[in-house]
Amino acid sequence: MSPQNIVLPKSLNFEAFGSFLQENNLWNIGEPHQSIMLETRGHDWIEPTPLAALTVAFCEQKNKCQVEIALNDFKGAKHPSYFERMGFFDLLNQPSPVSPGIHHDPSGRFIPLKVFDSLEEVDDLKKQSEALLGIDRFIAPFVNRALEEAMRNAVQHAGTSLRVVAAQRYPGPQARIQLAIVDSGMGIRASLFNKSNFAVGDAKRALILSVQPGVSGKRGQTTGNSFQQNEGFGLHFLNRIVYETFGKFALATENYLRFQDGIHTKFLKIKPIKGTILGIELFEDYLEDYLSDLSFYEFNHYCPVN
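Residues numbered from 1 in each chain as written. Predicted model: local features only at pLDDT ≥ 70, side-chain atom pairs only at ≥ 80, totals over all residues. Heavy atoms only, no water.

A. Just the pattern of salt bridges, in detail. Throughout the structure, instances matching the rule amount to twelve salt bridges. Of the charged contacts, one joins E281 and R176 as a salt bridge, the two residues approaching to 2.7 Å between their closest N and O atoms. Here the residue E281 occupies a position in strand 12 (residues 276-283), and R176 occupies one in strand 8 (residues 176-183), the gap between them amounting to 105 residues. Each member of the pair, E281 as well as R176, carries the same accessibility label: buried. For the salt bridge of E281 with K248, the shortest nitrogen-to-oxygen distance reads 3.8 Å. Note that E281 is positioned in strand 12 and K248 in strand 9 (residues 248-253), a separation of 33 residues in sequence. K248 carries the same exposure label as E281, and that label is buried. Look at the salt bridges and you will find they share partners, linking E15, E47, R176, K248 and E281 into a network. (Salt bridge = Lys/Arg side-chain N within 4 Å of Asp/Glu carboxyl O. Helix = DSSP H or I, 4+ residues; strand = E, 2+ residues; numbered from the N terminus. Buried < 20%, exposed > 50% of the residue type's maximum accessible area, 1.4 Å probe, protein only.)

Okay, here's the thing in structure tokens:
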């Protein structure tokens, strides 16, 4: 059987991610044991959300189905060092094409790809995120809270599957932060509709419902600590803050991707995936302006100081 080719485009950023999922069958659910060839010729740039999605899909297929992943030595890729410093090769247990001795300090710019399994690991990473991303102390509580909430959802809804987080801050005149959380669990539709008597439908309907207030999370749970009860703001507020601050929001499950660019939302039919892909991009200036307008009560409700 010939290998399945996954082709990395020249630039695989947030905007191009939808097209990438439409064109590339990352999970190859119909042929779960088919080998994969990652084509990198001419590839220049990738961002945390597509990188995390690629990593989870490849790791799961390699570990659970013994799929052979051929990286083609990253021939033609202009910046393989980015994949190396984000931990892509380590997670796939593949040799890195980057020369030994080249090391990158993550402090101040990014959170490399990290597998997390428990609430304790979420809490530890949240405490480190301000230093790792080098973000302004005024917006740091919100960014930390957003990261915590997104990871919390993955812990609560993805069962024993693989969960990966990654993030990066892009400094400059239009500084932005991208957070990515990807898991290989049951997906939003099964998680949402299996626990609810009022909602049924396909993956697209699940994506529509999941960002509505009171739907995502486990607000009805009365046992356990506040973290386990998920009394935070859930996907609804993460989506809402993107709307208010002209950010970007990508949420994918099964064969649909919801992509929001500020106030504009579109749904794309994609090649089927397992689990959930969540990517959030926030622009620091707009986020700071928005938080400045929040009341003291609202700010402390959404971004409590531990």
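B. View of the pairing of strand 9. Among the six residues of strand 9, six are classified as buried, and the element is accordingly described as predominantly covered. Side-chain alternation along strand 9 places K248, A250 and A252 on one buried face and F249, L251 and T253 on a second face that is also buried. Note: strand 9 against strand 10 (residues 256-261), six bridges, orientation antiparallel. Looking at strand 10, one finds that T253 is bridged to Y256. Hairpin connection of strand 9 to strand 10: two residues between the antiparallel strands, including E254 at a positive phi of 50°. (Pairing = 2+ DSSP bridges.)

C. Geometry of the packing of aromatic side chains. The full count for this structure, using the stated rule, is ten aromatic pairs. Here the aromatic residues F74, F83, F88 and F89 are joined through ring pairs into a cluster of three or more. Across the ring face of Y170, the terminal group of R176 is positioned such that the distance to the ring centre comes to 4.0 Å. (Phe/Tyr/Trp six-rings, centres within 6.5 Å; stacked < 30°, edge-to-face > 60°. Lys NZ or Arg CZ within 6 Å of the ring centre and 35° of its normal.)

D. Quick peek at the sheet that holds strand 11 (residues 264-269). An order of 6-7-8-12-9-10-11 is seen for the seven strands of this open sheet, with the pairing classed as antiparallel. The sheet terminates laterally at strand 6 (110-115) and strand 11, the two strands that pair on one side only. The mean angle between the axes of side-by-side strands here comes to 10°, regardless of whether they run parallel or antiparallel. Strand direction decides the pairing type here: strand 6 and strand 7 (residues 163-170), joined by four bridges, are antiparallel. Paired with V115 across the bridge in strand 7 is V164. Sitting on the sheet, helix 2 (residues 48-65) touches strand 6, strand 7, strand 8 and strand 12, and the angle it makes with strand 8 is about 15°. (Axes fitted to C-alpha atoms, helices over the stretch in contact; angles between N-to-C directions. Contact = heavy atoms within 4.5 Å.)

E. Inspection of the confidence of the model for the protein chain at higher detail. Looking at the protein chain, the pLDDT average stands at 83 and 83% of residues meet or exceed 70. Considering each helix and strand of the protein chain separately, the mean pLDDT is smallest for helix 9 (residues 226-229), with a value of 38, and largest for helix 1 (residues 17-23), with 96. (pLDDT = per-residue confidence, 0-100.)

F. Quick look at the environment of R258. Note on placement: R258 falls in strand 10. Among the polar contacts made by the side chain of R258, one reaches the main-chain carbonyl oxygen of L207 at a distance of 3.3 Å. (Polar contact = N/O pair within 3.5 Å; in protein donor to acceptor, adjacent residues only side chain to side chain.)

G. Structural detail: the sheet that holds strand 5 (residues 69-70). Read from one edge of the open sheet, three strands run 1-3-5, paired in parallel fashion. Here the strands that pair on one side only, and so sit at the sheet edges, are strand 1 (4-7) and strand 5. As paired strands, strand 1 and strand 3 (residues 36-39) are joined by four bridges and run parallel to one another. Bridge assignment links Q4 to a residue of strand 3, and that residue is I36. Against the sheet, helix 2 engages strand 1, strand 3 and strand 5, with an angle of about 155° to strand 3.

H. The arrangement of helix 10 (residues 234-244) in detail. Of the positions making up helix 10, those classed as buried are G234, L235, F237, L238, N239, I241 and V242. A positive backbone phi angle near 60° is found at F246, which sits one or two residues after helix 10.

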